[in-house]
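Structure assessment
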Amino acid sequence: MAKGNIARKLQKPALIGTMLICYLFLYLPILHIGLGSVSKNYSFPYPPQLTWATFEKLAENTLYQTALGNSLLIGVLTALLSTLLACLATMGLLRHAGRHTVKFLILFIAPLFVAEVLLGLSSLIFNGLFLQLGGNLFSAILANTVHCFSYALLIIATQLYRYDWRLDDAAMVFGATPLRTFFEVTLPLIWPGLFGAFIVCFIMAFNNLEISFYLLGATPTLPSVAWGALRYGIKPELYALASGVNVVVFLVLGVMFVLMRTGAVRFGHKPERERSAI
Amino acid sequence: MYISLQGISKQYASVWAIDRVNMAIAKQEFVSLLGPSGSGKTTLLRVIAGLEKPTEGRVLIDGQDVTELPPHKRGVAMVFQEFLLFPHRTVRENLAFPLRMMKMPKAEMDERIDWALGILSLQGLDGRYPNQLSGGQQQRVALGRGLVGRPKVLLLDEPLANLDRELRQEMEVEIRRYQMKLGIPFIYVTHNQEEALSMSDRIAVVNKGHVEDFAERTTLYDKPKTAFIAQFVGRSNKFEGKVTAADGGSCTIDAGGLSLTASGNGGLKPGDAAFAFVKNEKVALAPEGFVGEDNSLPCTVRDVILRGAYAEYLLETSDGLGLVASRPRSGEGPSIGHAVVAHWASGDVDLYPVKPDLGLRR
């Protein structure tokens, strides 16, 4: 009896302890860099003396600004292209593939398992040889899209799986062309899924080093500049850059979370839930 | 005829979901496609809508061959079992959808929508979203969306299946009323014989992808053409046996020691295996010792099920054969345990061969 009581008393602290250990493991390095980026002694900010000096240095460095512009471009265009392609592929899979769905799906997500280095290398060779693309942004966007497409497909597919395609039937019976059906009925109901895929692809392409490295030639991006900067020691700009990128990523995720909580965005159309709510 | 289906077949992989269906429907007709689930009735409706392309055959609407036309060019409308209202649009916007697709001027559109809201008593709900409506209200909006564009034909796919019984009976009357008012054909898919019988002018009984019979509802009920219809429409006692004697006017079959006489022979010869059906309400009850008519059978009342205006007597013969008689509840009927004689006229026995050759492709 006494033994059981002790076990029960320990249960809650044990749970909380495990949770804390997991969170510390995940976030301590990031917190350390974040603290460093706003401290006078950035390499050992204990105790911290707050200053924006590292960010000022980052702002002065035109190389980082060019790199930021390029990374944004890669991120946005890759995300747009992969979301669009993945949306088309998912609709094809769910509406027309029938019993072959799984076979097609495997081929669509196989690129996930190709090492990024290999993908970068093979894209470099192929794009140069057959598409006459030297190392440039466009070539990098194409290669990143190969990688992001599979993620986008998985995200969109989990959402569209619940979409009731008979709503499209209804629209067509009532006189809508297939294109009009898509824009009037399908898109307004599935856009949150597409938006989620876009955000994830943006973050992945924005942060990508391995694929972009092979295809960009001399064009700088944030990850490649940061990697190159290592050779000259870890400069304060890198602290600012790392925490800056992390803040942006967490902000984007935070916005998504708020949108979901307030119901402004529901990921995936759930007619069954709406009906059961009556 | 206003709508004509000519030799419609639909093959999925190697299965014929619909097999050579021919139907002609007049402009003012209310037609039901009645059949069990998986019989192909919904597929047939989707072929008329253009949502499925038939493997063989032609669909004609108002004299025009629409077989190759996509759904949005057919001028049809449909009411779905799951309602399928657009969840991101209000009631008014849902009703406006077909009209917008027709590029109707705004003033006329508003007039039409108000008309639909009026006849379906949906006034005051036009700003609501579908998930803020009850099932019955959603169903009425779905019906309104089907009627508002004055389609050439309204296709209804089990529209009442998701409603409770009371609401369903109310809607049956309403739907029939709109059909007569608008004077357009309604094609109504259902697995519920009561729905089909209460609303339709004619009923097509669909079984295994083919139409067993397409006839006036009274004909279908009183003179079922096939064993399937006899079993599916109405409630009947079913006997299986061998034909012992048959001439032009009558036929006798032996069903497990029970001898049944039927008028007409259903094309059967002595020795053929046959099904015999007697509708529950055709079985009359008489006191013990009664002899007469063509078929009489001494039984015991095992149970009485009260159905309101009538009662169902579950009977059992001394051989253990079960039998049901439906009688109107006038005066005192026999009670449980009583010995009675069940009897019926030979004209009320419908005979069919056990293995009819439907000539279907399998």
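Criteria and cut-off values
Residues numbered from 1 in each chain as written. Chains lettered and ligands numbered in written order. Predicted model: local features only at pLDDT ≥ 70, side-chain atom pairs only at ≥ 80, totals over all residues. Heavy atoms only, no water. Helix = DSSP H or I, 4+ residues; strand = E, 2+ residues; numbered from the N terminus. Buried < 20%, exposed > 50% of the residue type's maximum accessible area, 1.4 Å probe, protein only. Contact = heavy atoms within 4.5 Å. Areas by Shrake-Rupley, 256 points an atom, 1.4 Å probe, with all protein chains shown as cover. Lys, Arg positive; Asp, Glu negative; His and termini not counted. Charge placed at Lys NZ, Arg CZ, Asp CG, Glu CD. Buried area = accessible area lost by both parts, 1.4 Å probe. Salt bridge = Lys/Arg side-chain N within 4 Å of Asp/Glu carboxyl O. Polar contact = N/O pair within 3.5 Å; in protein donor to acceptor, adjacent residues only side chain to side chain. UniProt positions renumbered as here; feature names shortened; annotations may be inferred.

1. Notes on the overall build of chain B
- For chain B, the helix and strand inventory stands at 8 helices and 20 strands.
- Summarising its shape, the C-alpha atoms of chain B cover approximately 75 × 45 × 30 Å along the three principal directions.
- Burial status across chain B gives 51% buried among its 362 residues.
- Sequence separation of at least 24 residues holds for 67% of the intrachain contacts in chain B that already meet a minimum separation of 6.
- Split by element, the accessible area of chain B, about 15900 Å² in all, is 49% carbon and sulfur.
- Charge-centre separation for chain B: the mean point of 43 positive side chains lies 8 Å from the mean point of 44 negative side chains.

2. Here we look at unusual backbone geometry
- Omega for the peptide link from Tyr46(A) to Pro47(A) comes to -5°, which places this bond in the cis form.
- Inspection of the secondary structure puts Pro47(A) in the loop between helix H1 (2-37) and helix H2 (53-60).
- Phi angles above zero are rare outside glycine, and Ser121(B) is one such case at about 40°.
- Mapping Ser121(B) onto the fold places it in the loop between helix H3 (106-119) and helix H4 (135-147).
- For Ser121(B), a relative accessible area of 48% corresponds to the partly exposed category.

3. Points about the interface of chain B and chain A
- Each side of the interface is counted separately: chain B has 26 residues, and chain A has 22 residues.
- In total, about 2200 Å² of surface goes out of reach between chain B and chain A, with carbon and sulfur atoms giving 65% of it.
- On the surface where chain B and chain A come into contact, there are 4 salt bridges.
- With a shortest N-O distance of 2.9 Å, Glu82(B) and Arg166(A) are connected by a salt bridge.
- The tally of links between chain B and chain A comes to 6 residue pairs in polar contact (both at pLDDT 80 or more).
- Per-element accounting of the side of chain B that touches chain A gives the leading share, 4 residues, to helix H2 (residues 91-101) of chain B.

4. Some remarks on the UniProt feature "domain: ABC transporter" (unreviewed entry) in chain B
- Look at the UniProt record and you will see "domain: ABC transporter" (unreviewed entry) annotated at residues 3-233 of chain B.
- Structurally, residues 3-233 of chain B comprises 36% helix and 26% strand, and the distance from its first C-alpha atom to its last is 25 Å.

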